[in-house]
Amino acid sequence: MNKAFVKESEQDDDDDIPQAQALPPGTRNYITPTGYARLRDELAHLMTVERPAVVQVVSWAASNGDRSENGDYLYGKKRLREIDRRMRFLTRRLDIAEVVDPATQPNRDQVFFGATVLYLDKAGDEHEVAIVGVDEAEPLAGKISWISPVARALIKAREGDAVTLRTPGGVETLEILEVRYP
């Protein structure tokens, strides 16, 4: 059947959205207190501000009559599905989150979750990364997930150690210059 004759609701499945980085089986969803607060605030904003505003627009658009060619109605319904999908995702992630405060780390000379690490790569370039949860990772901002290959190589190392990082381009040695915690 031609897609032009298929209802929009039949085309939109929850499976067509990209999923967040999956957690390895048997691991927990570690997250910093800042990351947890950010996700919680986003969920609250969606529930109390965005969703009610879109519902109001859809209600107004529906009262205008013919819904088949009503752009406000069609876009609003699609936006509501997106908001609801994001709210379900955030609720699930917050339910399984385990908040770890890096400021309470007793071994401050060793790399663990929440550490900010300054390291030297084989080209002699310095890189600074913070090891954070899967849901708060922003590689371009220097925040890497604790399950990323770089973070896994750095975990449990100390200042002055050289660790081995296996990459698709080969094996690389990273020298840890500094370990900091907030």
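Above this text is the structure in question.
A short tour of the structure in this document, coming up. Quick caveat: nothing in here was measured; it's all calculated off a predicted structure. (Residues numbered from 1 in each chain as written. Predicted model: local features only at pLDDT ≥ 70, side-chain atom pairs only at ≥ 80, totals over all residues. Heavy atoms only, no water.)

### Some points on the sheet that holds strand β5 (residues 143-145)
Here's step 1: Ordered by their spatial adjacency, 5 strands build an open sheet running β5-β4-β3-β7-β6, and the pairing between neighbours is mixed. Either end of the sheet is taken by a strand with one partner, and the two such strands are β5 and β6 (162-167). Shown here is a sheet whose adjacent strand axes are inclined to one another by a mean of 45°, direction ignored.
Here's step 2: Examined bridge by bridge, strand β4 (residues 126-132) and β5 share 3 bridges and lie parallel to one another. Residue pairing across strands places Ile131 opposite Ile144, the latter belonging to β5. (Pairing = 2+ DSSP bridges. Helix = DSSP H or I, 4+ residues; strand = E, 2+ residues; numbered from the N terminus. Axes fitted to C-alpha atoms, helices over the stretch in contact; angles between N-to-C directions.)

### Examining the environment of Leu140
Here's step 1: Relative to the helices and strands, Leu140 resides in the loop between β4 and β5.
Here's step 2: Spatially, the C-alpha atom of Leu140 lies 9.8 Å from that of Val129, the residues being 11 residues apart in sequence.

### A few points about the pattern of salt bridges
It is possible for side chains bearing opposite charge to pair when their charged atoms get close.
Here's step 1: Overall, the coordinates contain 8 salt bridges when judged by the stated rule.
Here's step 2: Among the salt bridges present, the one from Arg79 reaches Glu82, with a minimum N-O distance of 3.3 Å. Of this pair, Arg79 and Glu82 both sit in helix α3 (residues 71-96), separated by 3 residues, roughly a single helical turn.
Here's step 3: Judged by its relative accessible area of 22%, Arg79 is partly exposed.
Here's step 4: In this structure, Asp135 engages Arg93 in a salt bridge whose closest nitrogen and oxygen atoms are separated by 2.9 Å. With Asp135 in the loop between β4 and β5 and Arg93 in helix α3, this pair connects stretches of sequence that are 42 residues apart. We note that Asp135, like Arg93, is buried. (Salt bridge = Lys/Arg side-chain N within 4 Å of Asp/Glu carboxyl O. Buried < 20%, exposed > 50% of the residue type's maximum accessible area, 1.4 Å probe, protein only.)

### Remarks on unusual backbone geometry
Here's step 1: Despite not being glycine, Lys156 has its phi angle at roughly 75°, a positive value.
Here's step 2: In this structure, Lys156 sits in the loop between α4 (149-154) and β6.

### Some remarks on the side chain of Asp135
Here's step 1: For Asp135, a relative accessible area of 16% corresponds to the buried category.
Here's step 2: A distance of 3.2 Å separates the side chain of Asp135 from the side chain of Asn29, its partner in a polar contact. (Polar contact = N/O pair within 3.5 Å; in protein donor to acceptor, adjacent residues only side chain to side chain.)

### What to know about the packing of helix α2 (residues 33-62) against α3
When two helices pack together, their arrangement is given by the angle between their axes and by how far apart the axes lie.
Here's step 1: The geometry of α2 relative to α3 is characterised by a closest axis approach of 9 Å and an angle of 160° between their N-to-C directions. Comparing their axes, α3 and α2 come out roughly antiparallel. Seen along the crossing, α2 lies across α3 with a hand that is left-handed. (Parallel < 35°, antiparallel > 145°, perpendicular 65-115°, else oblique. Left-handed = near helix turned anticlockwise from the far one by under 90°.)

### Examining the nonpolar core
Here's step 1: Grouped together as the largest cluster of nonpolar side chains are 22 residues, with contacts concentrated most on Val111, Val117, Ile131, Leu154, Val163 and Ile176.
Here's step 2: Of all the secondary-structure elements, those providing two or more residues to this core are β3 (116-120), β4, α4, β6 and β7 (170-180).
Here's step 3: Residues in contact with Leu154, not counting those within four places in the same chain, are Val111, Val117, Tyr119, Val129, Val163, Leu174 and Ile176. (Core = buried A, V, L, I, M, F, W, Y, C linked by side-chain atoms within 4.5 Å. Contact = heavy atoms within 4.5 Å.)

### Re the pairing of β6
Regular strands have side chains that alternate between both faces of the sheet.
Here's step 1: Sheet topology places β6 next to β7; 6 bridges connect them, and they run antiparallel. Within the sheet, the bridge partner assigned to Ala162 lies in β7 and is Glu175.

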